[in-house]
Amino acid sequence: MLYVGVGGGMELLQFAYFNRQKGDVIGIDVVDEMLKASQENFKEAEKQNPWFKSDFVELKKGDAMNLLVEDNSIDVAAQNCLFNIIKADDLKQAIAEMYWVLKPHGRLVMSDSTCEQPMNDELRNDGRLRALCLSGSIPITNYVKMQLMLILELYKFGLVNLTEF
Ligand SMILES: C[S@@+](CC[C@H](N)C(=O)[O-])C[C@H]1O[C@@H](n2cnc3c(N)ncnc32)[C@H](O)[C@@H]1O
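Draft legend 1. Molecular detail of the nonpolar core. Counting 29 residues, the largest nonpolar core has Leu2, Tyr3, Val25, Val57, Ala77, Met98 and Val101 as its most contacted members. Looking at this core, the elements that each hand over two or more residues are strand E1 (2-4), helix H1 (10-19), strand E2 (25-29), helix H2 (32-48), strand E3 (57-61), strand E4 (74-80), helix H3 (88-101) and strand E5 (102-111). Broken down by element, the residue count for this core peaks at four residues, all from H3. Excluding residues within four positions of it along the chain, Val57 makes contact with Leu12, Ala16, Val25, Gly27 and Phe42.

Here it is as structure tokens:
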């Protein structure tokens, strides 16, 4: 499994719960502080959860725009609230990277915050608000249209399952 944009590492813990094998989950983040925070959280998780070992997760520094992971090596590639802070022009590249590392029949799992109405450009382009996930959201209809277009037309994923929650 591959998870890009690890944050505090909580989703990596959830993925590790199902895999429970050394190095079976890879977490990638471009920010040193986030990798460090995840590592510390894993140490604490190890103390509190008898099933968990920190080495179930391999943390790597890297960029969603250039994943340093072998092509065709991943069963499930996932991201949460990363693609909605990546600028629209870069999204194609970020999805392409996920596509190349997936094995045939692999699965791409994406979840992002969306909004009901468009946000103005001043808010949208404010790097700080964007990084805090406060202004990156795009209207749900555009999100669905754009993601489906990228996925279906560019990379021909076989089946798309969309859930709103
Ligand atoms: C909004 S946080 C979401 C964190 C986590 N996925 C969650 O749901 O709690 C975005 C994360 O993506 C990381 N990130 C931002 N740009 C990135 C990039 N180009 N490549 C890899 N990670 C990136 C940030 O450092 C941060 O940890």
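Back to the write-up after that little detour.
Draft legend 2. Highlighting unusual backbone geometry. In this model, Cys81 sits at a positive phi of 55 degrees, which is unusual for a non-glycine residue. Inspection of the secondary structure assignment puts Cys81 in the loop between E4 and H3. Within the chain, His105 stands out as a residue other than glycine whose phi angle is a positive 70 degrees. Tracing the sequence through the fold places His105 in strand E5. The exposure class assigned to His105 is exposed, which follows from the 7 C-beta atoms found within 10 Å.

Draft legend 3. Just the sheet that holds E5, in detail. Here five strands make up an open sheet; going across it, the order is E3-E2-E1-E4-E5 and the pairing parallel. Among the strands making up the open sheet, the edge pair consists of E3 and E5. Strand-to-strand twist of the sheet, defined as the mean angle between neighbouring strand axes without regard to direction, takes the value 20 degrees. Note that E1 and E4 share two bridges and pair parallel. Paired with Tyr3 across the two strands is Ala78, which belongs to E4. Contacts between H2 and the sheet are confined to E2 and E3, with E3 contributing the most and set at about 165 degrees to the helix.

Draft legend 4. A look at H2. In this model H2 runs 25 Å from its N-terminal to its C-terminal C-alpha over 17 residues, within 8% of the 24 Å that 1.5 Å per residue would give. When we look at burial in H2, the residues that qualify are Ser38, Phe42 and Ala45. Looking straight down H2, one finds that the buried residues subtend no more than 65 degrees of arc, so they occupy a single side. Turned more than 90 degrees from where H2 packs its buried face, Asp32, Glu33, Lys36, Glu40, Lys43, Glu44 and Lys47 sit exposed. Those residues of H2 hidden inside the fold are in contact with H1, E2 and E3.

Draft legend 5. Representation of the site of the ligand within the structure. Around the ligand, the surrounding shell holds 17 residues, and the nearest of these are Gly5, Gly7, Val31, Ala64 and Asn80. Residue composition of the shell around the ligand, grouped by class: 12 nonpolar, three polar and two charged.

Draft legend 6. Spatial organisation of the packing of H3 against helix H6 (residues 140-155). At a minimum axis separation of 11 Å, H3 and H6 run at an interaxial angle of 55 degrees. Between H3 and H6, the angle is such that the two are oblique. Where H3 crosses over H6, the handedness of that crossing is right-handed. Contacts between H3 and H6 pair Leu91, Lys92, Ile95 and Tyr99 from the former with Leu150, Ile151, Leu154 and Tyr155 from the latter. Split by residue class, the contact of H3 with H6 holds seven nonpolar, no polar and one charged.

What counts and how
- Residues numbered from 1 in each chain as written.
- Predicted model: local features only at pLDDT ≥ 70, side-chain atom pairs only at ≥ 80, totals over all residues.
- Core = buried A, V, L, I, M, F, W, Y, C linked by C-beta atoms within 7 Å.
- Buried ≥ 20, exposed ≤ 12 C-beta atoms within 10 Å, placed from the backbone.
- Helix = DSSP H or I, 4+ residues; strand = E, 2+ residues; numbered from the N terminus.
- Contact = placed C-beta atoms within 7 Å.
- Pairing = 2+ DSSP bridges.
- Axes fitted to C-alpha atoms, helices over the stretch in contact; angles between N-to-C directions.
- Expected span 1.5 Å × (residues − 1).
- Arc of directions from axis to C-beta.
- Near = placed C-beta within 6 Å.
- Nonpolar A, V, L, I, M, F, W, Y, C, P; charged D, E, K, R; others polar.
- Parallel < 35°, antiparallel > 145°, perpendicular 65-115°, else oblique.
- Left-handed = near helix turned anticlockwise from the far one by under 90°.

That is the geometry; function is a separate question.
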